[in-house]
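Observations on the three-dimensional arrangement
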Amino acid sequence: MRIAPVLKGLLAALPLLLCASIAQASDFDIVVLGAAGGLDDGTLSAYLIRPEGSDKGVLCDAGTVLHGLKDAVKAGVFKTLSLKSATLTPEGEILHATIAAYLISHAHLDHIAGLVAISPDDTPKPIMALASVNAILAEHIFNWQIWPNMGDKGVKPRLSTYRYDDLTPEKPTPISGTSLQVQAYPLNHGGVESTAFLLTSSPDALLYLGDTGPDAPQHSDHLHRLWQAIVPLVRQKHLHAIMIECSYDNSISDSHLYGHLTPHWVEAELEDLQQIAGVSLKNLPVVITHVKPTLRRQQDPVLRIHEELEAGNTTGVHFIMAAQSLHLRL
Ligand SMILES: [Zn+2]
Ligand SMILES: [Zn+2]
């Protein structure tokens, strides 16, 4: 007698459960607005990420914004967007209508310069970041001395174009206006707090890391704990890609990393993830970001780092080197 209602409930839920189990995986649409880890002010870290088929997404870091949008428009990567403004340029319309929020990993200038520059002509948006990062923006950037206060905290008057949205570490937070949610994981960037953002459009997930050093030389366990957190997604094949920095080639010694990774350390960290997960990472897309350009007459650091990554690719992941206006569906 008491079991009947339970059975009835289960039967009613069966179509939903079946739908969930056969739901098609949906990819992420990534447009690189800026790829470099410094020096080149026309292409500093900025990645526009949307759930496939959606016009709304987030900008992970904002080192280069308007220049990156113009370049990407010219390259034709926004052809699928329905742009219809009679008054705005395509890049203006994408800035206003497509970027729903900024996710800022840390407040180094190569991650925020484009945001500061575009802010007077931007529409109201949240800046979603760890509390320490938002506090630096409010105190040291949008403070009327470095730049007008475009935020909703700090020195008055507050123009409030941007709403500081402090993320609680690891807590899933919906991103308003999109189907995405984000979880922030603190990273150790040579003693500076940086952030990894796990974006999910259930059940699909994408992991974007801001600048980070490797665990061992920093005597830290931030990356190890991040890998532990994403293990269920790796095992269930819901993790579509990892976007991770590799600032320098293997010739840089550990004492000169300044909180960054080399191909050697990228491999070591991926091996750690694979070991914890207990499943192969073979063919997992790994997008390499934040390569530092050089002024020396030598091989392009992007090519050199790609060669070194492939030479030591023990996990069999699929390395993709970020480049401005590169359009990925992962
Ligand atoms: Zn950086
Ligand atoms: Zn940095």
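Going along each chain's sequence as written, the residues are numbered from 1 onward. Here chains are named by letter from A upward and ligands by number from 1 upward, in the order in which they appear as written. This being a predicted model, a pLDDT of at least 70 is required before a residue's local features are given, and a value of 80 or more before pairs of side-chain atoms are given or counted; all residues contribute to the totals for chains, interfaces and linings. Side-chain measures here rest on the full set of heavy atoms in the structure, leaving out hydrogens and waters.

**Observations regarding the coordination of the zinc ion (ligand 2)**
In this structure, His 106 (NE2), His 108 (ND1), His 189 (NE2) and Asp 211 (OD) serve as the protein donors to the zinc ion (ligand 2), at separations of 2.2 to 2.5 Å. For Na, K and Ca the donor cutoff is 3.2 Å, while for all other metals N, O and S atoms must lie within 2.8 Å; water is not among the atoms, so some sites may look incomplete. Key to geometry: four donors with every angle between 85 and 135 degrees are tetrahedral; four donors are square planar and six octahedral where opposite donors lie over 155 degrees apart and all remaining angles lie between 65 and 115; all other sites are irregular. Metal-centred angles of 88 to 173° between the four donor atoms at the zinc ion (ligand 2) mark the site as irregular. All donor residues of the zinc ion (ligand 2) come from one chain, and their arrangement in sequence is H-x1-H-x80-H-x21-D. In this structure, the zinc ion (ligand 2) is positioned 3.4 Å from the zinc ion (ligand 1), and both are ligated by Asp 211. One end of the pair, His 106, is in the loop between β4 (99–103) and α4 (113–118); the other, Asp 211, is in the loop between β10 (204–209) and α6 (215–218), with 105 residues separating them in the sequence. Grouping residues by exposure puts His 106 and Asp 211 together as buried. Starting at the N terminus, helices and strands are each numbered in turn, a helix being any DSSP run of H or I of at least four residues and a strand any DSSP run of E of at least two. In this scheme, a residue with accessible area under 20% of its type's maximum is buried, one over 50% is exposed, and one in between is partly exposed, where area comes from a 1.4 Å probe on protein chains only.

**Some thoughts on the pairing of strand β2 (residues 46–51)**
With respect to burial, β2 is a largely interior element, six of its six residues being buried. Alternating residues of β2 divide into Ala 46, Leu 48 and Arg 50 and Tyr 47, Ile 49 and Pro 51, and every residue in both groups is buried. The criterion for strand pairing is that DSSP finds at least two bridges linking the strands in question. As paired elements, strand β1 (residues 28–34) and β2 share six bridges and run antiparallel to each other. Its bridge partner lying in β2, Val 31 is registered against Leu 48. The loop that links β2 with its antiparallel partner strand β3 (residues 57–62) comprises five residues; one of these, Gly 53, has a positive phi angle of about 85°.

**Looking at the packing of aromatic side chains**
Under the pairing criterion, centres of Phe, Tyr and Trp rings, with the six-membered ring standing for Trp, must be within 6.5 Å; the plane angle then separates stacked pairs below 30 degrees from edge-to-face pairs above 60, leaving the rest tilted. Overall, the coordinates contain three aromatic pairs when judged by the stated rule. Taking 5.7 Å as the distance between ring centres and 90° as the angle between the ring planes, the aromatic pair formed by Tyr 102 and Tyr 162 counts as edge-to-face. Placement of Tyr 102 in strand β4 and of Tyr 162 in strand β6 (residues 162–167) is noted, with a sequence separation of 60 residues between them. We classify Tyr 102 as buried; its relative accessible area is 0%. Ring centres 6.1 Å apart and planes at 50° place the aromatic pair Phe 142 and Tyr 162 in the tilted group. On the criterion of sequence distance, the pair formed by Phe 142 in the loop between α5 (131–141) and β6 and Tyr 162 in strand β6 is long-range, its members being 20 residues apart. Of the two residues, Phe 142 and Tyr 162, neither departs from the other in class, the shared state being buried.

In short, geometric facts, not functional conclusions.
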